[in-house]
Amino acid sequence: GWLPTYLYTYMHVPIVKTGILTSLPFFISWIAEIVIALWANRLIKRGANMTYTRKMFTIAGFVITASAGLLYFTDTLFWAMVIIIISNIGTACTAANLWSLPADLAPEGMGSSLSGIMNTFGFIASIIGPLITGYLLAITHSFVGPMLLMAFLMVVGIVAVLLCVKKVEERIVV
């Protein structure tokens, strides 16, 4: 992953400490994702419009994730970790609501198929993302290019959610 490389190369964190610092944002976002999912479902259960709630949480997550672009403006480990943690919480906010969409949108009995399709595209991105990041790092010797690309892709995600997620029909909210 990019994070240990970033911490070691740009923040000059000893390699032994990069493991702990790399896991911290993911641990916090794991908790955040559960809390955010419960929060969104609670709003829907109390009468909030499901489509609006899913869209707004997803878009908010994309915006918060794009805050990783602020890494360009810091050279201290503390602020870098704060930015990375906040950005990961944004990813958790997006994931918590995007992954609810198969159950919300798919016809009865098709949620698994829709989840599988989502997973397929996620895996494709997981393959291509590190390749593009590595290429940009190799030609620029900086994380600025990958971070700007990530921020741009978050904007693309916002536009996609606004254009593609039309109406989420309510099924069962736990």
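Details of the structure are given in the entry above.
Residues numbered from 1 in each chain as written. Predicted model: local features only at pLDDT ≥ 70, side-chain atom pairs only at ≥ 80, totals over all residues. Heavy atoms only, no water.

A. Representation of the overall build of the chain. Each helix and strand counted, the chain has 7 helices and 0 strands in total. Tracing the chain from N to C terminus, the helices and strands come up as α-α-α-α-α-α-α. Rg of the C-alpha trace for the chain: 17 Å, near the compact-globule value of 16 Å for 174 residues, within the 12% margin. Its C-alpha atoms put the chain at 50 × 30 × 25 Å along the principal axes. A buried classification covers 36% of the 174 residues belonging to the chain. Within the chain, residue pairs in contact and separated by at least 24 positions form 68% of the contacts whose partners lie at least 6 positions apart. Accessible area of the chain: about 10600 Å², with a carbon and sulfur share of 74%. (Helix = DSSP H or I, 4+ residues; strand = E, 2+ residues; numbered from the N terminus. Rg over C-alpha atoms; globule rule 2.2 N^0.38 Å. Buried < 20%, exposed > 50% of the residue type's maximum accessible area, 1.4 Å probe, protein only. Contact = heavy atoms within 4.5 Å. Areas by Shrake-Rupley, 256 points an atom, 1.4 Å probe, with all protein chains shown as cover.)

B. Layout of helix 2 (residues 15–45). Here helix 2 contains 31 residues, and its C-alpha end-to-end distance of 46 Å stays within 8% of the 45 Å for a straight helix at 1.5 Å per residue. Residues of helix 2 that are buried sit in contact with helix 1 (2–9), helix 3 (50–65) and helix 4 (77–98). The first or second residue beyond helix 2 is Gly 47, which carries a positive phi of 115°. (Expected span 1.5 Å × (residues − 1).)

C. Seen up close, unusual backbone geometry. For His 12, which is not glycine, the phi torsion reads 60° and is therefore positive. Looking at where His 12 falls in the secondary structure, it is placed in the loop between helix 1 and helix 2.

D. Here's a closer look at the packing of aromatic side chains. Evaluation of the coordinates by the stated rule reveals 9 aromatic pairs. Relative to Phe 57, the ring of Trp 39 has its centre 5.0 Å away and its plane inclined at 90°; by these criteria the two rings are edge-to-face. Highlighted residues: Trp 39 in helix 2 and Phe 57 in helix 3, separated in sequence by 18 residues. Accessibility expressed as a relative area gives 10% for Phe 57, which makes it buried. Clustering of aromatic rings is evident, with ring pairs tying together Trp 2, Tyr 6, Tyr 10 and Phe 143. (Phe/Tyr/Trp six-rings, centres within 6.5 Å; stacked < 30°, edge-to-face > 60°.)

E. Up close: the nonpolar core. Of all hydrophobic cores here, the largest spans 23 residues; its most connected members are Tyr 6, Leu 7, Met 11, Leu 71 and Ile 84. Counting only elements with at least two residues in this core, the list comes to helix 1, helix 3, helix 4 and helix 7 (144–164). Here this core takes 5 residues from helix 7, the largest share from any one element. Not counting residues up to four positions away in its chain, the partners in contact with Leu 7 are His 12, Val 13, Thr 18, Leu 21, Thr 22, Leu 77 and Met 81. Grouped together as the second largest cluster of nonpolar side chains are 7 residues, Ala 32, Ala 40, Ala 92 and Cys 93 included. (Core = buried A, V, L, I, M, F, W, Y, C linked by side-chain atoms within 4.5 Å.)

F. Highlighting the environment of Phe 123. Relative to the elements of secondary structure, Phe 123 occurs in helix 6 (residues 111–140). The class of Phe 123 is exposed, set by a relative accessible area of 54%. It is 16 Å that separates the C-alpha atoms of Phe 123 and Thr 91, two residues lying 32 residues apart in sequence.

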